[in-house]
2 protein chains.
Amino acid sequence: MTHTTAVVLASRPSGAPVPGNLRLEVRKVPAVQEGQALLRTIYLSLDPYMRGRMNAGRSYAKPVGIGEVMEGGTVCEVLESASPLVTPGDIVLAHCGWQTHAVEDARLLRRIDPGKAPISTALGVLGMPAFAAYVGLTEIGRPRPGETLVVAAAAGPVGSMVGQIARLHGARTVGIAGGPRKVTWLKELGFDVAIDHRSPGFADDLSAAVPHGIDIYFENVGGAVWDAVFDHLNDFARVPVCGLISQYNQTNPPAGPDRLPLLMNAINTKRLLVRGFTQRDFVATHYERFQSDVSGWLAGGSLKYREDFVDGIENAAEAFFGLLQGKNFGKLIVRVSDDPTSTAPASHGE
Amino acid sequence: MTHTTAVVLASRPSGAPVPGNLRLEVRKVPAVQEGQALLRTIYLSLDPYMRGRMNAGRSYAKPVGIGEVMEGGTVCEVLESASPLVTPGDIVLAHCGWQTHAVEDARLLRRIDPGKAPISTALGVLGMPAFAAYVGLTEIGRPRPGETLVVAAAAGPVGSMVGQIARLHGARTVGIAGGPRKVTWLKELGFDVAIDHRSPGFADDLSAAVPHGIDIYFENVGGAVWDAVFDHLNDFARVPVCGLISQYNQTNPPAGPDRLPLLMNAINTKRLLVRGFTQRDFVATHYERFQSDVSGWLAGGSLKYREDFVDGIENAAEAFFGLLQGKNFGKLIVRVSDDPTSTAPASHGE
């Protein structure tokens, strides 16, 4: 009988989540049935959307139930298989959640080729966050040469891809991040301008960075960044809305005045396009092209990425709380157990 | 020497415009130069967008200057021509503004065939408002059979076309208008449900009218209608933003709470598409198809329209103020001078 160590939702947060909202628990893993596989989690992805799953209210996916294992994408090794689709020893992309072991339907697993790239990249530059950047930018943002793009959380796995892909399309790119280390990294990534949103002169810095206004604002943050961006949006600007991490812990609408009419008026007179999306909605139509494009860019050296590893499932909760405060630097990944394909486990990132 | 009686902008309104903001003035019309034509205005279109032109601030077009003739679309007769493009007696679509006579560059005139439809329709069902409905609905709203569409100001020239074209695409249509006469008219237009926004039970009526939510909300009103619609928007709903007539006289943002984050959150989690547009931006690409489609629908009896005539340029201002309060019933048109093509001047509408 296999056991799994899992992080379960103990209670729903009100505002910022606290350690008591999550609980570490050892559970028995059920026996493998026909068509299933037993998996060992190697890497667990931590992402902002998980905050939404902790709420009872409806979002674009159903919430995690109280007492259920926290949801999340994982890279796993197949330990046992009762399906012809996977074989013990295979490395697969799965959605096991925050736990060390799980039994899954083999049809939901996607095999990863360890010869192609470090397997952790299936959670980052070759995975969900990069795919969100790719579809949001190319399908909604639609950058054209010479246009100005602004993205916040630009050192993160979504923002860094948005900026780099926009640059590959000939756009001028302005990246926003928190703190000097991240700002330095943005310059290495090729952003034309890198801005620190923690600087007291942030709004002025942004203004100076966009002398010709903003044609694309890739929204994954909300709040103060949106406020600074708003007045600079050009006619026909596009705003793909991927996420609003600064808002996820809000419990009540902020005090007035009510700026909803102001936003609608700008949408009307500037003919803005504001569109929410999730990468999930594009998987069937765009995933193969994404894999092909990004693999090509990686092979050609036109894309950089950075991973931020945390060791042990018992440290996932604290790492996740830090993510909501922008403490991670690069794609945040929990190394749940040894990576059998890695020769230098502590140095995947650049 | 010809004279024109013109309505000029005397001062900029603060809030709702008042009679003193406009002034009737008799001016000399300059002599016709090479390439120009002298026009007599037959019909002047009054439209909500004109309120925006009275403000100093930037909108999608530059404001009317103090002392300048108010802007507006017109149907005119050519009195004199120094261009091979038009001949005296021709009926043309022009943009002469609120005045009885004008000299215009002949290249800006579009000849109207009086044999095809009453010439006033060039300002309504075959003109700008219907074109706005057509492009906003087909290019942004994209109705699919069985989907639910909601539109307000549904008895007006834009809303009535939105509802009828959506129905032709197989959508279920809910029209909102003010007062029992307009609601009765909506039923004649074929709306599946017609709702009176002046009813105290308006929000409940809307709720009952959209048991499966709203897939397309064509926004030309804002304010209380938006508030009622908002919670019913389905995942992947589309919101073409054509206008916000209820907001045009607002001077300050309303009191809080600030609902901007609420809207952005809905856009994010419901993957809404909210996009502002003006018909002008689509003329080059869509105008011919619009003319062909709408002419066909009119000829086939699938479209109804209604015109609301006011006589005399001296009554334009009061009619316009009434328009901003929803007092018109159908496309509001000022009959500035006799229509030489009309045999029954008072009965164009249905």
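These numbers were taken from a predicted model, which means no experiment stands behind them.

### A look at the packing of helix H7 (residues 260-269) of chain A against helix H7 (residues 260-269) of chain B
Two elements in contact, H7 of chain A and H7 of chain B, have axes separated by 8 Å at closest approach and are oriented at 55 degrees. Taken together, H7 of chain A and H7 of chain B sit at an angle that is classed as oblique. Facing Leu260, Leu263 and Met264 of chain A of H7 of chain A, the residues of H7 of chain B in contact are Leu260, Leu263 and Met264 of chain B. Class assignment for the residues of the contact of H7 of chain A with H7 of chain B results in six nonpolar, no polar and no charged.

### Observations regarding the domain arrangement of chain A
All names here are of chain A. Here the domain parsing of chain A yields domain 1 (3-124 + 305-335) and domain 2 (128-280). Spacing between the C-alpha centres of domain 1 and domain 2 amounts to 28 Å. With 23 residues of domain 1 at the contact, the number on the domain 2 side is 15 residues. Summing both sides of the interface, domain 1 and domain 2 together bury roughly 1600 Å²; the carbon and sulfur share of this comes to 59%. Our count for the contact surface shared by domain 1 and domain 2 stands at zero salt bridges. For the interface between domain 1 and domain 2, the tally reads four residue pairs in polar contact (both at pLDDT 80 or more). When contributions to the side of domain 1 that touches domain 2 are tallied by element, the ones reaching two or more residues are helix H1 (49-53) and helix H9 (316-324). Considered class by class, the residues forming the side of domain 1 that touches domain 2 number 12 nonpolar, seven polar and four charged.

### Examining the relation of the copies chain A and chain B
Superposing chain A onto chain B requires a rotation of 180 degrees together with a translation of 0.0 Å along the rotation axis, leaving an RMSD of 0.0 Å. In short, the pair behaves as if placed about a two-fold rotation axis. Nearest to the rotation axis, the C-alpha of Gly256 of chain A is located 1.6 Å from it, this being the minimum over chain A. In this assembly the copies share their binding face: 100% of the residues contributing to the interface of chain A also contribute to that of chain B.

### Focus: empty space enclosed by the protein
All chains considered together, the criterion is met by two cavities of 30 Å³ or more. Quantified by volume, the largest cavity comes out at close to 100 Å³. In this structure, the largest cavity is lined by 15 residues; those nearest its centre are Gly156, Pro157, Ser160, Tyr305 and Arg306 of chain B. Secondary structure elements with two or more residues in the lining of the largest cavity: helix H3 (157-168) and helix H4 (180-189) of chain B. Per-element accounting of the lining of the largest cavity gives the leading share, three residues, to H3 of chain B. Inspection of the lining of the largest cavity shows a minimum of three residues originating in each of domain 1 (3-124 + 305-335) and domain 2 (128-280) of chain B. For the second largest cavity, the lining is made up of 13 residues, of which Gly156, Pro157, Ser160, Tyr305 and Arg306 of chain A are closest to its centre. The leading source of residues in the lining of the second largest cavity is helix H3 (residues 157-168) of chain A, at three residues.

### Notes on the nonpolar core
Soluble globular proteins tend to pack their nonpolar side chains together in the buried interior. One finds Trp98, Tyr217 and Leu233 of chain A together with Trp98, Tyr217 and Leu233 of chain B to be the most contacted residues of the largest nonpolar core, which totals 112 residues. The residues touching Leu233 of chain A, leaving out its near neighbours within four places in the chain, are Ile214, Tyr217, Trp226, Val239, Lys270 and Leu272 of chain A.

### Description of the packing of helix H2 (residues 128-141) of chain B against H3 of chain B
All names here are of chain B. Between H2 and H3, whose axes approach to 8 Å, the crossing angle comes to 45 degrees. Comparing the axis directions of H2 and H3 gives the class oblique. Both H2 and H3 take part in a crossing whose hand is right-handed. Where H2 approaches H3, its residues Pro129, Ala130, Ala133, Tyr134 and Leu137 are matched on the opposing element by Pro157, Val158, Met161, Val162, Ile165 and Ala166. Looking at side-chain class alone, the contact of H2 with H3 contains 11 nonpolar, no polar and no charged residues.

### Description of helix H8 (residues 283-299) of chain A
Residue and element names in this part refer to chain A. Taking 1.5 Å as the rise per residue, H8 with 17 residues should run 24 Å; its terminal C-alpha atoms sit 23 Å apart, in good agreement. Here H8 has its buried residues at His286, Tyr287, Phe290, Gln291, Val294 and Trp297. Residues of H8 that are buried make contact with strand E7 (110-111), helix H2 (128-141) and H3. Phi for Gly301, located one or two positions after H8, is positive at around 80 degrees.

### Description of the environment of Arg238 of chain B
Residues and elements named next belong to chain B. As for its placement among the helices and strands, Arg238 is situated in strand E12 (residues 233-241). Relative accessible area serves as the criterion here: at 9%, Arg238 is assigned to the buried category. Taking C-alpha positions, Arg238 is 6.5 Å from Tyr217, a pair spaced 21 residues apart along the chain. The contacts of Arg238, once residues within four sequence positions are left out, are Ile140, Gly141, Arg142, Pro143, Arg144, Glu147, Asp215, Ile216, Tyr217 and Leu273. A polar side-chain atom of Arg238 sits 2.5 Å from a polar atom in the side chain of Glu147. A distance of 3.2 Å separates a polar atom in the side chain of Arg238 from the backbone oxygen of Phe236.

### Here's the deal with the sheet that holds E12 of chain B
If you trace the 12 strands from one edge of the open sheet to the other, you get E10(A)-E9(A)-E8(A)-E11(A)-E12(A)-E13(A)-E13(B)-E12(B)-E11(B)-E8(B)-E9(B)-E10(B), paired in mixed fashion. Unpaired on one side and paired on the other, strand E10 (193-196) of chain A together with strand E10 (193-196) of chain B mark the two borders of the sheet. Here the average twist between neighbouring strands, direction ignored, is 15 degrees. Sheet strands in contact with helix H4 (residues 180-189) of chain A are strand E9 (172-177) and E10 of chain A, and its direction is about 170 degrees off that of E10 of chain A. Along the sheet, H4 of chain B makes contact with strand E9 (172-177) and E10 of chain B, crossing E10 of chain B at roughly 170 degrees.

### What about the pairing of strand E4 (residues 74-81) of chain A?
Residue and element names in this part refer to chain A. Relative to E4, strand E3 (residues 36-45) runs antiparallel, the two sharing seven bridges. Bridge assignment links Leu39 to a residue of E4, and that residue is Val78. Pairing analysis gives four bridges linking E4 to strand E5 (residues 91-94), with the strands arranged antiparallel. Directly across from Thr74, in E5, lies its bridge partner Ala94.

### A short note on the packing of aromatic side chains
All names here are of chain A. Enumeration over the complete set of coordinates arrives at 24 aromatic pairs over all chains. Three or more aromatic residues joined by ring pairs make a cluster, and in this case those are Phe131, Tyr134, Tyr287, Phe290 and Trp297. One Lys or Arg, Arg335, reaches over the ring of Phe309 and ends 4.7 Å from the middle of that ring.

The rules behind these values
- Residues numbered from 1 in each chain as written.
- Chains lettered and ligands numbered in written order.
- Predicted model: local features only at pLDDT ≥ 70, side-chain atom pairs only at ≥ 80, totals over all residues.
- Heavy atoms only, no water.
- Axes fitted to C-alpha atoms, helices over the stretch in contact; angles between N-to-C directions.
- Helix = DSSP H or I, 4+ residues; strand = E, 2+ residues; numbered from the N terminus.
- Parallel < 35°, antiparallel > 145°, perpendicular 65-115°, else oblique.
- Contact = heavy atoms within 4.5 Å.
- Nonpolar A, V, L, I, M, F, W, Y, C, P; charged D, E, K, R; others polar.
- Domains from an automatic or database assignment.
- Buried area = accessible area lost by both parts, 1.4 Å probe.
- Salt bridge = Lys/Arg side-chain N within 4 Å of Asp/Glu carboxyl O.
- Polar contact = N/O pair within 3.5 Å; in protein donor to acceptor, adjacent residues only side chain to side chain.
- Least-squares fit on C-alpha atoms with pLDDT ≥ 70 in both.
- 1 Å grid on protein atoms, 1.4 Å probe; cavity = no way out; pocket = protein on both sides within 12 Å on 5 of 7 lines; lining within 4 Å.
- Points joined across faces, edges and corners; volume = space filled by probe spheres on them.
- Core = buried A, V, L, I, M, F, W, Y, C linked by side-chain atoms within 4.5 Å.
- Buried < 20%, exposed > 50% of the residue type's maximum accessible area, 1.4 Å probe, protein only.
- Left-handed = near helix turned anticlockwise from the far one by under 90°.
- Expected span 1.5 Å × (residues − 1).
- Pairing = 2+ DSSP bridges.
- Phe/Tyr/Trp six-rings, centres within 6.5 Å; stacked < 30°, edge-to-face > 60°.
- Lys NZ or Arg CZ within 6 Å of the ring centre and 35° of its normal.

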